[in-house]
Amino acid sequence: MIIDASSLPYSALNEAVRGCGGQCRIIGCLGQRFIGAGLERGSISISGIPGNALGAYLNGAAIQVEGNAQDAVGDTMNAGSIVIHGSVGDAAGYAMRGGAIYIQGDAGYRAGVHMKAYGDRVPVMVIGGRAGSFLGEYQAGGRIVVLGLTGQERPIVGNFPCTGMHGGAVYLRSDCRDILFPGQVTARPAGPEDLAQIRPSVETFCHLFGQDAEEILGAPFTVVTPDSQNPYRQMYVAN
């Protein structure tokens with residue numbers, strides 16, 4: 001089913017998406033919010049720029065965007081996938097607790113803030129370009145991978161990465177010699193076992209966006225994890 005969103009308010013658009021069971025192509029998207037919120041099944045293809053909270057509470061459906069997306073992509077998503085053929089705004093993957101987000105371009109501030117994991121649910125976010133400041137802020141679980149394939153003149157991540165991190169891991173395709181991390185985390189060169197953890201996600205990213213996984217994984221990576229002695233474990237959970 002094709003839905004022309006060019007003249008629809010966000011509420012009418014979301015009602016149309018639910019009415020077709022989430023199996024649709026949206027054209028003319030102009031910043032409508034909450035597209036695909038809570039969907040358990042279906043596949044949504046979007047042409048245009050969706051607004052805030054695309055795929056919020058997503059619970060199994062697949063969303064693909066032919067362009068950029070605004071803030072809070074995948075807010076508190078549980079399962080499913082979101083693929084962005086472009087860049088995203090701030091707070092992508094906010095409180096994400098399952099599923100996967102693949103971003104071809106850059107991400108704004110606070111990507112992965114409060115990301116968490118439970119049992120066999122391990123959320124993954126792969127950012128093809130650069131990430132803004134406060135990446136992985138208060139991260140409690142899951143994996144964030146930043147590949148730095150765009151904007152080589154800029155650092156792979158902005159200021160204050162991994163502030164308050166107390167779980168999960170961040171993988172940066174860089175030696176990070178110029179990146180300042182907080183004292184409560186450990187940043188070290190990624191070894192073969194570390195790269196094995198992210199290889200399936202990187203291979204999926206490369207399949208989606210036409211990249212070479214071996215070339216990407218052949219570059220130096222830095223893996224950032226919480227320090228086992230960090231004070232946040234007393235407030236949350238032991239890593």
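Residues numbered from 1 in each chain as written. Predicted model: local features only at pLDDT ≥ 70, side-chain atom pairs only at ≥ 80, totals over all residues. Heavy atoms only, no water.

**With respect to the environment of Val-83**
Argument step 1. Position of Val-83 relative to the elements: it lies in strand β5 (residues 79-84).
Argument step 2. Residue Val-83 is classed as buried on the basis of its relative accessible area of 7%.
Argument step 3. As for Val-83 and Leu-149, which are separated by 66 residues in sequence, their C-alpha atoms are 17 Å apart.
Argument step 4. In this structure Val-83 touches Ile-63, Gln-64, Val-65, Tyr-102, Leu-208 and Phe-209, once residues within four positions along its chain are discounted. (Helix = DSSP H or I, 4+ residues; strand = E, 2+ residues; numbered from the N terminus. Buried < 20%, exposed > 50% of the residue type's maximum accessible area, 1.4 Å probe, protein only. Contact = heavy atoms within 4.5 Å.)

**Comments concerning the pairing of strand β3 (residues 43-49)**
Argument step 1. In this structure, strand β2 (residues 23-30) lies alongside β3, joined through 6 bridges in parallel fashion. Considered in β3, the bridge of Leu-30 is made with Ile-49. (Pairing = 2+ DSSP bridges.)

**Remarks on the environment of Thr-163**
Argument step 1. With respect to the helices, strands and loops of the structure, Thr-163 is situated in the loop between β8 (140-146) and β9 (167-172).
Argument step 2. In this structure the C-alpha to C-alpha distance between Thr-163 and Arg-143, which are 20 residues apart in sequence, comes to 15 Å.
Argument step 3. Among residues more than four places away in sequence, those in contact with Thr-163 are Phe-134, Gly-136, Glu-137, Tyr-138 and Pro-182.

**Examining the side chain of Asp-75**
Argument step 1. Residue placement: Asp-75 occurs in the loop between β4 (59-66) and β5.
Argument step 2. Here Asp-75 is buried and forms no salt bridge, its nearest opposite-charge partner Arg-97 lying at an N-O distance of 8.5 Å.
Argument step 3. Excluding residues that lie within four positions of it along the chain, Asp-75 makes contacts with Leu-54, Gly-55, Ala-56, Tyr-57 and Tyr-94. (Lys, Arg positive; Asp, Glu negative; His and termini not counted. Salt bridge = Lys/Arg side-chain N within 4 Å of Asp/Glu carboxyl O.)

**Some points on unusual backbone geometry**
Argument step 1. Even without being a glycine, Thr-76 presents a positive backbone phi close to 60°.
Argument step 2. Mapped onto the fold, Thr-76 is located in the loop between β4 and β5.
Argument step 3. Exposure remark for Thr-76: the relative accessible area of 10% places this residue in the buried category.

**Quick notes on the pattern of salt bridges**
Argument step 1. Counted according to the given criterion, the structure contains 8 salt bridges.
Argument step 2. A salt bridge links Glu-214 to Arg-199; the shortest N-O distance between them is 2.8 Å. Pair noted here: Glu-214 is in helix α3 (residues 213-217) and Arg-199 is in helix α2 (residues 192-209), with a separation of 15 residues, a long-range link.
Argument step 3. Residue Arg-199 is classed as partly exposed on the basis of its relative accessible area, which comes to 29%.
Argument step 4. When salt bridges with common partners are traced through the structure, they connect Arg-199, Glu-203 and Glu-214 into a single cluster.

**Brief notes about the state of the cysteines**
Argument step 1. On inspection of all chains with the given rule, the structure shows 0 disulfides.
Argument step 2. Cys-176 forms no disulfide, and the closest cysteine sulfur to it belongs to Cys-162, at a distance of 9.0 Å.
Argument step 3. Cys-206 carries a free sulfur, and the closest cysteine sulfur to it, the one in Cys-176, is 19 Å from it. (Disulfide = S-S within 2.5 Å.)

**So, the nonpolar core**
Argument step 1. In this structure, Ile-26, Ile-46, Leu-54, Ile-82, Ile-127, Leu-135 and Leu-172 are the most contacted members of the largest nonpolar core, which totals 47 residues.
Argument step 2. With near-sequence residues (within four places) excluded, Ile-127 lies in contact with Ile-103, Gly-105, Asp-106, Ala-107, Ala-111, Leu-135, Val-145, Val-146, Leu-147 and Gly-148.
Argument step 3. One finds Ala-190, Phe-209, Ala-213 and Leu-217 within the second-largest nonpolar core, a separate group that totals 21 residues. (Core = buried A, V, L, I, M, F, W, Y, C linked by side-chain atoms within 4.5 Å.)

**Here we look at the environment of Leu-147**
Argument step 1. In this fold, Leu-147 is placed in the loop between β8 and β9.
Argument step 2. The sequence separation of Leu-147 and Asn-14 amounts to 133 residues, and the corresponding C-alpha distance is 33 Å.
Argument step 3. Ignoring anything within four residues of it in the chain, the contact list for Leu-147 reads Val-126, Ile-127, Gly-128, Gly-129, Ile-156, Arg-173, Phe-205, Ile-216 and Phe-221.

**Side note on the packing of aromatic side chains**
Argument step 1. Inspection of every chain in the model, using the stated rule, returns 3 aromatic pairs.
Argument step 2. In this arrangement the basic side chain of Arg-33 is found over the ring face of Tyr-10, its NZ or CZ atom lying 4.2 Å from the centre.
Argument step 3. One residue, Arg-110, lies across the ring of Phe-134, its end atom 4.2 Å from the ring centre. (Phe/Tyr/Trp six-rings, centres within 6.5 Å; stacked < 30°, edge-to-face > 60°. Lys NZ or Arg CZ within 6 Å of the ring centre and 35° of its normal.)

No statement about biological role is implied by the geometric values presented.
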